[in-house]
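# Structural features, examined
So the chains spell out like this:
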Amino acid sequence: MNQTIPQYMAEITGYQLGLFESKIASAIVILIASVVLAFLADLIFEKVLLHFTSRSRFHCDNLIISAVKKPIFYTFVFFGFYIAAEVLYAGNAAIEFIAGILFSFLSIIWIVALLRINKILFRHVISNIVRKTETQMDDELLPLFRNIINVLIVFFGFLAILKGIWGLDIGPLFASAGIAGLAIAFAAKDSIAQLFGGISIYFDQPFKLGDRIEIDGGEIGIVQDIGIRSTRIMNLYNNMIVIPNSIIANSRIVNYTTPESTMMVKVTIGVAYGSDVEKVRRVLYGIAESIDIILDDPQPYVRFDNHGDFSLDFAMIMWVQTPGEKFAVIDMVNTMINEQFKNEGIDIPFPTHTILKSS
């Protein structure tokens, strides 16, 4: 066993032997004191701490107290037996070996207690926090994070046993673990990329459920689900598109809903040369005012954009409340332009080409 604990025990036992001439008497006193302290600690946990935590509005505090009650009890008892053994048989190899087994067993008890505490915290504290969020990704990531912490507790707990109690060199273990980790990471690089893409989306929050987004490649749709490996969006044709999170995390995303859901709609129209510009403006403003889903604030406006090759080009700038109304507005505006321009005698030209015939 590691010599750190025996060195401290030698100082303690030396002090004890100064008080008692008999080693057996010292050992008995130490054993009795450790057992008394163990039962006293158990009594304090049972009658005092659990009494107060049972009255609190939190359910997890008494569960945590219950999880550490027995490990503390065994800690007092094991250390008492070890100190008593050091008093009677200081430096004995067999005692050191037995003490190593006992402390390894005690360490396992504490590892199990930490695993129970981790389970309690995730079930009663962290789960209540993530349940209040809108996205489902954190609910899916919760078991993953809990398992990762469990693995870390077990891994570092056994490293502490090997190094702290048995004094073994754990360097080769770290080296082999690193090589194994690299091999696993290389074999599962796509899944790991998707996982970390999902984590980056969760913490970055470029969109949330119900947002209308557009990603590189022209895919537009409403976010239906944000998972650990992929995100699902419903496109304009009512088809579900499943996109790996690794692609989304490395793409340019346009969010049409956040921070505001209002959206600008632009419709361009060309009229024949010689048309009355003010008349065209008046007709276009009248069309915008007659459609209810076009917002009054911001106000729509008409802009004379350009003298084109075949037409005078105008642009109607309007706003709608939600991105889903954009295409409905474009349809209604174009339909009314076709109708009103015909009634007002405003010509919409079409491209013409003049072909000169050589003589």
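Here we summarise the structure given alongside this text.

Analysis parameters
Residue positions are given per chain, counted from 1 along the sequence in the order it is written. Local features in this predicted model are restricted to residues of pLDDT 70 or higher, and side-chain atom pairs are both shown and tallied only at a pLDDT of 80 or more, whereas totals for entire chains, interfaces and linings draw on every residue. Here the side-chain values reflect all heavy atoms present in the structure, with hydrogen atoms and water set aside. Under the DSSP-based scheme used, a helix requires at least four consecutive residues in state H or I and a strand at least two consecutive residues in state E, with every element numbered from the N terminus. Exposed residues in this analysis have more than 50% of their type's maximum accessible area, buried residues have under 20%, and partly exposed residues fall in between, with area computed by a 1.4 Å probe over protein chains only. Contacts were defined at the residue level, with two residues in contact if any of their heavy atoms lie within 4.5 Å. When DSSP finds two or more bridges between a pair of strands, those strands are recorded as paired. Helix span, expected: 1.5 Å multiplied by one less than the number of residues in the helix. Taken from the helix axis, the directions to the C-beta atoms give the arc we talk about. Here the bend at a residue means the angle between the axes of two seven-residue stretches, the one that ends at it and the one that starts at it.

## Topic: the environment of I222
Structurally, I222 can be placed in strand β2 (residues 220-226). Take I222: its relative accessible area is 27%, and that puts it in the partly exposed class. Along the chain, I222 and N255 lie 33 residues apart, while their C-alpha atoms are 9.9 Å from each other. What I222 contacts, discounting residues up to four positions off in sequence, is G210, D211, R212, R232, I233 and M234.

## A word on the environment of I348
Within the secondary structure, I348 is located in the segment after α10 (326-344). Taking the C-alpha atoms as reference points, I348 and G270, separated by 78 residues in sequence, lie 6.1 Å from one another. Dropping the residues within four chain positions of it, I348 is found in contact with I269, G270, I337 and F341.

## Regarding the pairing of β2
As paired strands, strand β1 (residues 212-215) and β2 are joined by 3 bridges and run antiparallel to one another. For R212, the partnering residue across the bridge sits in β2 and is I222. Counting the residues in the hairpin turn of β1 and β2 gives 4 residues, including G217, whose phi is positive at 105 degrees. The pairing of β2 with strand β3 (residues 230-235) spans 5 bridges and is classified as antiparallel. Across the sheet, the residue bridging to I226 is T231, located in β3. In textbook terms, the turn of a hairpin is the stretch between consecutive antiparallel strands, and for β2 and β3 this stretch comprises 3 residues.

## Notes on α10
Relative to the 27 Å expected for 19 residues at 1.5 Å per residue, α10 spans 26 Å between its end C-alpha atoms, a close match to the ideal helical length. Turning to α10, its buried residues are V329, V333, I337 and F341. Down the axis of α10, the buried set is contained in an arc of 80 degrees. They therefore lie on one face. Turned more than 90 degrees away from the buried face of α10 sit D331, K342 and N343, all of them exposed. As for α10, its buried residues are in contact with β6 (263-271), α9 (277-290) and β8 (312-320).

## Some words on helix α2 (residues 23-53)
Its 31 residues place the ends of α2 43 Å apart at the C-alpha level, agreeing with the 45 Å of an ideal helix rising 1.5 Å per residue. Maximal helix bending in α2 amounts to about 35 degrees, located at F45. For α2, every residue scored as buried is listed here: S26, A27, I30, S34, A38, A41, D42, F45, L50 and T53.

Nothing here speaks to function; it is geometry throughout.
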